[in-house]
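One-letter residues, chain by chain:
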There are 4 protein chains.
Amino acid sequence: MANKLGVNQYGKAESRVVRIVRDTARHEIRDLNVSTSLRGDFEDAHITGDQAAVLPTDTQKNTAFAYAKLHGISSIEDYALALGRRLLEACPAASDAQVRVEEYAWDRLGDHSFVRRGGAVRTCVVTVGREDAVVLSGISDLVVLNSTDSEFRGFLKDEFTTLPETDDRVLATSLVAKWRHTAVEGVDWNASHAAVLQTLLDTFAGTYSRALQETLHAMGCAVLDDQEEIAEIRFSAPNKHHFLVDFSGFQVEGLTNDGEVFIAADRPYGLIEAQVTRDDAPPADDAWLHVPGFC
Amino acid sequence: MANKLGVNQYGKAESRVVRIVRDTARHEIRDLNVSTSLRGDFEDAHITGDQAAVLPTDTQKNTAFAYAKLHGISSIEDYALALGRRLLEACPAASDAQVRVEEYAWDRLGDHSFVRRGGAVRTCVVTVGREDAVVLSGISDLVVLNSTDSEFRGFLKDEFTTLPETDDRVLATSLVAKWRHTAVEGVDWNASHAAVLQTLLDTFAGTYSRALQETLHAMGCAVLDDQEEIAEIRFSAPNKHHFLVDFSGFQVEGLTNDGEVFIAADRPYGLIEAQVTRDDAPPADDAWLHVPGFC
Amino acid sequence: MANKLGVNQYGKAESRVVRIVRDTARHEIRDLNVSTSLRGDFEDAHITGDQAAVLPTDTQKNTAFAYAKLHGISSIEDYALALGRRLLEACPAASDAQVRVEEYAWDRLGDHSFVRRGGAVRTCVVTVGREDAVVLSGISDLVVLNSTDSEFRGFLKDEFTTLPETDDRVLATSLVAKWRHTAVEGVDWNASHAAVLQTLLDTFAGTYSRALQETLHAMGCAVLDDQEEIAEIRFSAPNKHHFLVDFSGFQVEGLTNDGEVFIAADRPYGLIEAQVTRDDAPPADDAWLHVPGFC
Amino acid sequence: MANKLGVNQYGKAESRVVRIVRDTARHEIRDLNVSTSLRGDFEDAHITGDQAAVLPTDTQKNTAFAYAKLHGISSIEDYALALGRRLLEACPAASDAQVRVEEYAWDRLGDHSFVRRGGAVRTCVVTVGREDAVVLSGISDLVVLNSTDSEFRGFLKDEFTTLPETDDRVLATSLVAKWRHTAVEGVDWNASHAAVLQTLLDTFAGTYSRALQETLHAMGCAVLDDQEEIAEIRFSAPNKHHFLVDFSGFQVEGLTNDGEVFIAADRPYGLIEAQVTRDDAPPADDAWLHVPGFC
């Protein structure tokens, strides 16, 4: 019986890479948060302290900034693939490089002026191995709300259940979704992402909901139906509760609340996580291995 | 020599009021964060513990929710004025009621479906006294960036100065601005706010900057020039530093950085605060007294 | 009628200064978050863009780090006074320098090993003018809770009031307090701070509470009674509501809740702000002017 | 080729359970953040919207609060096991219940008065299946720092490497660790946790570090050596960079920086994740499946 090193990875998290393209007077901006990790044979670094196989996290960061210029950022997926391949090339001991990117959108105010858009953040997680690569595209902080056409009833009850059934409630979530592509080459990442986002929004708005689970499932199916090249999609969706304010104790004549005034609660919140997948999807290998927040 | 109670106020902070207007199939949503405070003669509550003069913060919260229905939210300023007046009426010991509101914008997806817009937050601080009221409208989290036309040079130097002068840098801030209206009645709050926001954005984008101070001053003057009814405007503007990444130590031929790749830094940050005012502005009384983040 | 520049200040916020004293094998650590601001005649910087009078925020930051070595940090008040005086000396246009410091405490693990303590943060706000200086010492994030000996009853009621009176509730707050010293020289800042903190804790624990206002007032009086050199104290205290969980709808025999199980709520929260002062306290001038969170 | 539901789980996150034990005048407090999830056969909820098998997240929350009284909280692990078993009993469709708990420590001020300690948070993740259960105990936000006895040298270099080698640096991390117990019954959870924490601190303080990886590995081995009942431990450790401030450009005679003044940086940060395991550890099944932040 002895101890041994198990799974491990290391890298540089949250490099805030801002790229200005200024080839013409009309500048472009890409605003990223980049994290990289290397996995592989790094036993010596852990056990003897020998760092000979270790490409420093500082170098990983430097490479992330340099590749914003050397390779450019036509899409975060394309940039992450290039960066991951470079890190694998630079570090022989690594078997895999994972690059995680968040992109913050800006709206144009002028030729060289921008205002940050806010709202949903575009994401990707790219895992590059010695043989192949897997791309997960995604979205986070997509806050959507239906003010009706949502019910919750017919659920299991026990002695601790106090929730009344309802046939009209607010349904709201701050959606995190990630979807896996079967292809790595030949994808128009920006067009694909825009199409998925539109499908998610349309399906959310157009689906009568008997539970957030049903809505998520419908959204997942719609994405897979739309783009053959997407193998699966996973959701992590907090149920952002909007509780109807109880005016019944107020001594105010005629003050009613027919689904009009809500308190938006912080904690606790329901948390629904689900995957929708093609039944013939190729295996994901380790693509989801270190991705937080997904079952 | 004795101790005495000095300035004091109390209230309920951050009630998350969500109002759905569902008079027709096409719903509307207003999404607010509401804080209220009362000031006045509350000595007994502090010194003897007698609460007879104290309108509980719980009641203040209840009123905030009820007024979302009873008065409605045509604008946050109008709602805050009504709520402040009600609180003053309900609490004879109070001399002033202050209502602070943040509004989160949503975009429409369908008749009863919405996606949260993100980006800048609309704000107001309304202080209602027994005789009069003062309205501060505002904006926060307005993140803007100019990728050129910004310099910083000719500054004072001492033995601790290492910053090089530059004639081309990124200028970015996450702006908080509040402006004081001279009128309380007859203002189209929504139109006024939209116009100020547009003026701020246009001026930021259109001004060559020798310092963030100069840009803020120009923005303030533009707002005052546009709307006679606005007496003053105050800014709190973190200088969100974007440092040019130094590629000089990289052994990569041809890798240059002519204002193209930046690291967006978190801390420390410059913090610029300034007021622009009409020279004949009426006094503000206590309108700014408890407003955080402003000089 | 013309526009003019009003109040203004600028500086560098949140420099994270960590000082290791390693004169012997037994190291010491001081871990600070330092913000500086200069006020004075900076009209040109705003109006013409001329920066000749402006000591850059970058230089202010450099000075903050250098003074951690040149002057040392025997206490944050002493360090802030020295830093403020230096900034005033370096910048002739400035009439005042304000230095705000937060200190994070560490516990010792070994001669050169430490674990961050967490809990309350020690603070100071020092405003240095050409003639004199004012020191505010303080504490923030001091989370305290009484599980009984707290009531809330006899309050004003109106038609929106639904809160029941109670003679036994949990009282909890995350206290921010700042107190003003009349002296600048000859104070043992560390001893004084430790004594105030102890008095605040003892008084909170030992006071039967009819309202958070009464508790704060008692705490303020106790501090002023203990240290003659302190002229006034101000509190900003969120009432961190702990709501008794209602088990009445549960179908579980014998399940009662006599003040035993609470849900700690996030928002909204009561917010109580108050000042206790000596009736012969010298004027504070601008010491509180730019200090957020205080009335 | 068709779509199908894949992995999924649902539950209530972040119920803030505060338990006061007031059987005597000397009260006790336990302050928890509780999250629960159920996994199993919930296809109907997703596909047809039929909720008959779904124990609502609201009921899960109610049970979490009720069990704070009915079962009590002798330790978070014991409480989580009881709660998980109850949820599995109440929900026949579930195959597994996962309960995640964070505990915030308080120090005593008096018989019924407490001050929140801050610092590290005790955690557990308990996964209860129909046959067995797995307990992961843990710690988060354990911020530790060595001011010397840390080097980083001999690492792999490429054309993007600019980091100089160093034989004396500050090593600091905000540690997250979780360790898996082989036993579920008969463990003194509180004693075991205290012992692991002490071992982690002692090993961190006592280990000369050639890399954070080596330090983590040493800490993991020490824990496994100390407690036979622990099968494995996993770490997620941001390398909280403390950069030596460069005084070389300052025009101040004698101003040097021999490891004395550092700037604590926010982003980016190194992120080191590693597992140390017994070579004969029993399989973990799904115990780590939904645990964020671990490889």
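From a predicted model like this one, the values you see are computed outputs, not experimental measurements.

## So, the interface of chain C and chain D
Part 1: Residue-level contacts link 50 residues of chain C with 50 residues of chain D.
Part 2: With both sides pooled, the region where chain C packs onto chain D buries about 4,400 Å², and carbon together with sulfur makes up 62% of that total.
Part 3: In this assembly, chain C and chain D are joined by four salt bridges.
Part 4: For E260 of chain D, the salt bridge goes to K69 of chain C, with nearest N and O atoms at 3.0 Å.
Part 5: Of all the elements in the fold, those that place two or more residues in the side of chain C that touches chain D are β1 (3-21), α2 (57-70), β4 (106-110), β5 (113-116), β7 (133-146), α4 (189-206) and β11 (261-264) of chain C.
Part 6: Considering each element in turn, the side of chain C that touches chain D owes the most residues, six residues, to α2 of chain C.
Part 7: Residues of the side of chain C that touches chain D, tallied by class, amount to 27 nonpolar, 13 polar and ten charged.
Part 8: Sheet topology note: the β1 of chain C/strand β11 (residues 261-264) of chain D ladder contains three bridges and is antiparallel. By the bridge assignment for β11 of chain D, V18 of chain C is matched with F262 of chain D.

## Quick notes on the domain arrangement of chain A
Residues and elements named next belong to chain A.
Part 1: What the domain assignment lists for chain A is domain 1 (9-131) and domain 2 (139-295).
Part 2: On a C-alpha basis, the centroid separation for the pair domain 1 and domain 2 is 29 Å.
Part 3: If you look at the interface, domain 1 gives 17 residues, while domain 2 gives 14 residues.
Part 4: Taken together, both faces of the contact between domain 1 and domain 2 bury some 1,300 Å²; the carbon and sulfur share is 51%.
Part 5: The three residues of domain 1 that bury the most area against domain 2 are A120, R122 and T123, which together make up 30% of that side's buried surface.
Part 6: Our count for the domain 1 to domain 2 interface comes out at one salt bridge.
Part 7: E185 is the salt-bridge partner of R85, the closest N and O atoms lying 3.2 Å from each other.
Part 8: At the surface where domain 1 touches domain 2, the tally comes to five residue pairs in polar contact (both at pLDDT 80 or more).
Part 9: For the side of domain 1 that touches domain 2, the elements supplying multiple residues, two or more each, are β2 (28-40), α3 (76-90) and β6 (121-129).
Part 10: For the side of domain 1 that touches domain 2, the element with the highest residue contribution is β6, accounting for five residues.

## Focus on the interface of chain D and chain A
Part 1: Counting residues at the interface gives 82 residues for chain D, matched by 82 residues for chain A.
Part 2: Between chain D and chain A the total buried area reaches about 6,800 Å² when both faces are included, carbon and sulfur atoms providing 55% of it.
Part 3: Linking chain D with chain A are six salt bridges.
Part 4: When the shortest N-O distance is used, the salt bridge between E159 of chain D and R86 of chain A registers 3.3 Å.
Part 5: Sorting the residues of the side of chain D that touches chain A by element identifies β1 (3-21), α1 (43-47), α2 (57-70), α3 (76-90), α5 (212-226) and β12 (269-278) of chain D as the ones contributing at least two each.

## Let's talk about helix α5 (residues 212-226) of chain A
Part 1: Between its first and last C-alpha, α5 of chain A extends 21 Å over 15 residues, near the 21 Å set by a 1.5 Å rise per residue.
Part 2: Judged by how many residues are buried, α5 of chain A sits mostly within the fold: twelve of 15 residues are covered.
Part 3: Of the surrounding elements, those touching the buried residues of α5 of chain A are β8 (171-181), α4 (189-206), β9 (230-239) and β12 (269-278) of chain A together with β1 and α1 of chain D.

## Quick notes on the relation of the copies chain D and chain A
Part 1: It takes a turn of 180° to lay chain D on chain A, together with a shift of 0.0 Å along the axis; the resulting RMSD is 0.0 Å. Both chain copies can therefore be described as sitting about a two-fold axis.
Part 2: An overlap of 100% is found between the interface residues of chain D and their copies at the interface of chain A, pointing to a shared contact surface.

## Concerning the side chain of E260 of chain A
Part 1: Take E260 of chain A: it is sitting in the loop between β10 (242-244) and β11 (261-264).
Part 2: The exposure class of E260 of chain A is buried, given its relative accessible area of 10%.
Part 3: Setting aside anything within four residues of it in sequence, one finds E260 of chain A in contact with L244 of chain A together with V18, R19, I20, R22 and K69 of chain B.

## Topic: the packing of aromatic side chains
Part 1: Taken as a whole and judged by the stated rule, the model has 20 aromatic pairs over all chains.
Part 2: The interplanar angle of 50° and the centroid separation of 5.2 Å between the aromatic rings of F247 of chain D and F250 of chain D together place this pair among those described as tilted. There is no split in this pair, since F247 of chain D and F250 of chain D are both buried.
Part 3: Among the aromatic residues, ring-to-ring pairing joins Y67 of chain A, F247 and F250 of chain B together with F160 of chain D into one connected group.
Part 4: Directly above the aromatic system of F155 of chain A lies the positively charged group of K157 of chain A, at a separation of 4.5 Å from the ring centroid.
Part 5: The ring of W288 of chain C has R234 of chain C lying over it, and the distance from NZ or CZ to the ring centre is 4.0 Å.

What counts, and where the lines are drawn
- Residues numbered from 1 in each chain as written.
- Chains lettered and ligands numbered in written order.
- Predicted model: local features only at pLDDT ≥ 70, side-chain atom pairs only at ≥ 80, totals over all residues.
- Heavy atoms only, no water.
- Contact = heavy atoms within 4.5 Å.
- Buried area = accessible area lost by both parts, 1.4 Å probe.
- Salt bridge = Lys/Arg side-chain N within 4 Å of Asp/Glu carboxyl O.
- Helix = DSSP H or I, 4+ residues; strand = E, 2+ residues; numbered from the N terminus.
- Nonpolar A, V, L, I, M, F, W, Y, C, P; charged D, E, K, R; others polar.
- Pairing = 2+ DSSP bridges.
- Domains from an automatic or database assignment.
- Polar contact = N/O pair within 3.5 Å; in protein donor to acceptor, adjacent residues only side chain to side chain.
- Expected span 1.5 Å × (residues − 1).
- Buried < 20%, exposed > 50% of the residue type's maximum accessible area, 1.4 Å probe, protein only.
- Least-squares fit on C-alpha atoms with pLDDT ≥ 70 in both.
- Phe/Tyr/Trp six-rings, centres within 6.5 Å; stacked < 30°, edge-to-face > 60°.
- Lys NZ or Arg CZ within 6 Å of the ring centre and 35° of its normal.

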